[in-house]
Amino acid sequence: MKECSFASELQYALNVPTSCNSAMNGWFDWLVVFFCSLDESHKKCLMVIYWVVWFTRNKVVHENIVPLVSESIAFVRTFLQECGSISNNESVNPVLQSVSWQAPPENVYKFNFDTSFNSQNRSTTSGVIGRDITGEIMASCVVPHSNVLDALMAEALACLQAVHYAKELGFRRVIIEGDSLIVIKKLNEGMHDRSTIAPVIHDIRMKARDFDVISFVFVKRDATNAAHVLARDHCTQHDPCFWIEEAPENAAYAANMDRLKLDSV
């Protein structure tokens, strides 16, 4: 499933996040981290997708029948609707759902990233915050960049900063989470990239090799609010700042709100 193109097509069509990284030490760690990073609706959808993939594989091997991707997509949607997982007017789409921050699995640390890009002076500030399973802040930082081409490059640089910061602090099992669909998709595709952010994507992939487990996950802005506040509040800052087991006041408040939501579940 980690490298199955058919499964990836279904996940992309049904707007279920994808996650695959060759740096992981085996499929089991990859599956545990990836599955636990999803919200409940996406977990259900992913299980049905994997079931359909196995069913399709048997059709191909034993009956020489290759079902259309569109047919498989329709089956997944119908099955979930009949099971009550989604209503007729609800799609399995993280962009449309209000998804709050989700805690990482035990012994895994989640680093959220975001950026504030100023198109007038081509500058950006990367905001990164790392937390554990309880929502406790492990580290945070803001790093300014100049001569940035566009907002997409700004997002890629923020993701790179998240990976770099987690590596420098010695975390070995991490989830890198952000609301930049293009950046996350490029990292998970594992294909040769010729876009303007290709050098940054390459750097991220190289650094990712140093982790025991690393997963790149796309989420809605609501789930990266603490990192967003960090980047927004320090958008005019000229020097990088780093905090260990804390964050500036507004970002710490946003992170605490995420913790309260966890406690209320």
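Here is what the cut-offs are and how they apply
- Residues numbered from 1 in each chain as written.
- Predicted model: local features only at pLDDT ≥ 70, side-chain atom pairs only at ≥ 80, totals over all residues.
- Heavy atoms only, no water.
- Helix = DSSP H or I, 4+ residues; strand = E, 2+ residues; numbered from the N terminus.
- Buried < 20%, exposed > 50% of the residue type's maximum accessible area, 1.4 Å probe, protein only.
- Contact = heavy atoms within 4.5 Å.
- Patch = residues over 30% accessible without salt bridge, like charges linked within 9 Å, V, L, I, M, F, W, Y side chains within 5 Å.
- Areas by Shrake-Rupley, 256 points an atom, 1.4 Å probe, with all protein chains shown as cover.
- Salt bridge = Lys/Arg side-chain N within 4 Å of Asp/Glu carboxyl O.
- Axes fitted to C-alpha atoms, helices over the stretch in contact; angles between N-to-C directions.
- Parallel < 35°, antiparallel > 145°, perpendicular 65-115°, else oblique.
- Left-handed = near helix turned anticlockwise from the far one by under 90°.
- Nonpolar A, V, L, I, M, F, W, Y, C, P; charged D, E, K, R; others polar.
- pLDDT = per-residue confidence, 0-100.

The name given to the protein in an unreviewed UniProt entry is RNase H type-1 domain-containing protein, and the organism recorded there is Hibiscus sabdariffa.

A. Examining the side chain of serine 180 more closely. Note that serine 180 resides in the loop between β4 (173-178) and α6 (181-189). A relative accessible area of 7% places serine 180 in the buried class. Beyond its immediate sequence surroundings of up to four residues, serine 180 is in contact with Leu152, Glu155 and Phe218.

B. Structural view of a nonpolar patch on the surface. On the surface, Trp27, Phe28 and Val32 cluster together to form a nonpolar patch covering roughly 350 Å² of accessible area. Judged by its relative accessible area of 52%, phenylalanine 28 is exposed.

C. Focus on the packing of helix α5 (residues 151-168) against α6. At a minimum axis separation of 9 Å, α5 and α6 run at an interaxial angle of 55°. One way to sum up the angle between α5 and α6 is to call them oblique. Handedness of the crossing formed by α5 with α6: right-handed. Residues Leu152, Glu155, Ala156 and Cys159 of α5 form the contact with α6, whose own contacting residues are Ile182, Val183 and Leu187. Of the residues assigned to the contact of α5 with α6, the class counts are 6 nonpolar, no polar and 1 charged.

D. Quick look at the confidence of the model for the protein. On average, residues of the protein score 84 in pLDDT, and 86% of them are at 70 or above. The low-confidence segment residues 85-98 (pLDDT under 50) makes 37 contacts with residues lying over four places distant or belonging to another chain.

E. The pattern of salt bridges, seen in detail. Per the stated rule, a full pass over the model turns up 9 salt bridges. Ionic pairing is found between aspartate 114 and arginine 221, a salt bridge with its closest N-O pair at 3.2 Å. Within this pair, whereas aspartate 114 is found in strand β1 (residues 109-118), its partner arginine 221 is found in the loop between β5 (213-218) and α8 (225-233), the two being separated by 107 residues in sequence. When the shortest N-O distance is used, the salt bridge between arginine 131 and aspartate 258 registers 2.8 Å. Linking arginine 131 in strand β2 (residues 123-131) with aspartate 258 in helix α9 (residues 249-264), this pair joins segments that are 127 residues apart in sequence. Under the relative-accessibility criterion, arginine 131 is labelled buried at 0%. Looking at aspartate 258, the relative accessible area reads 3%, which means it is buried. A cluster of three or more residues bridged by salt bridges with shared partners is formed by Asp114, Asp179 and Arg221.

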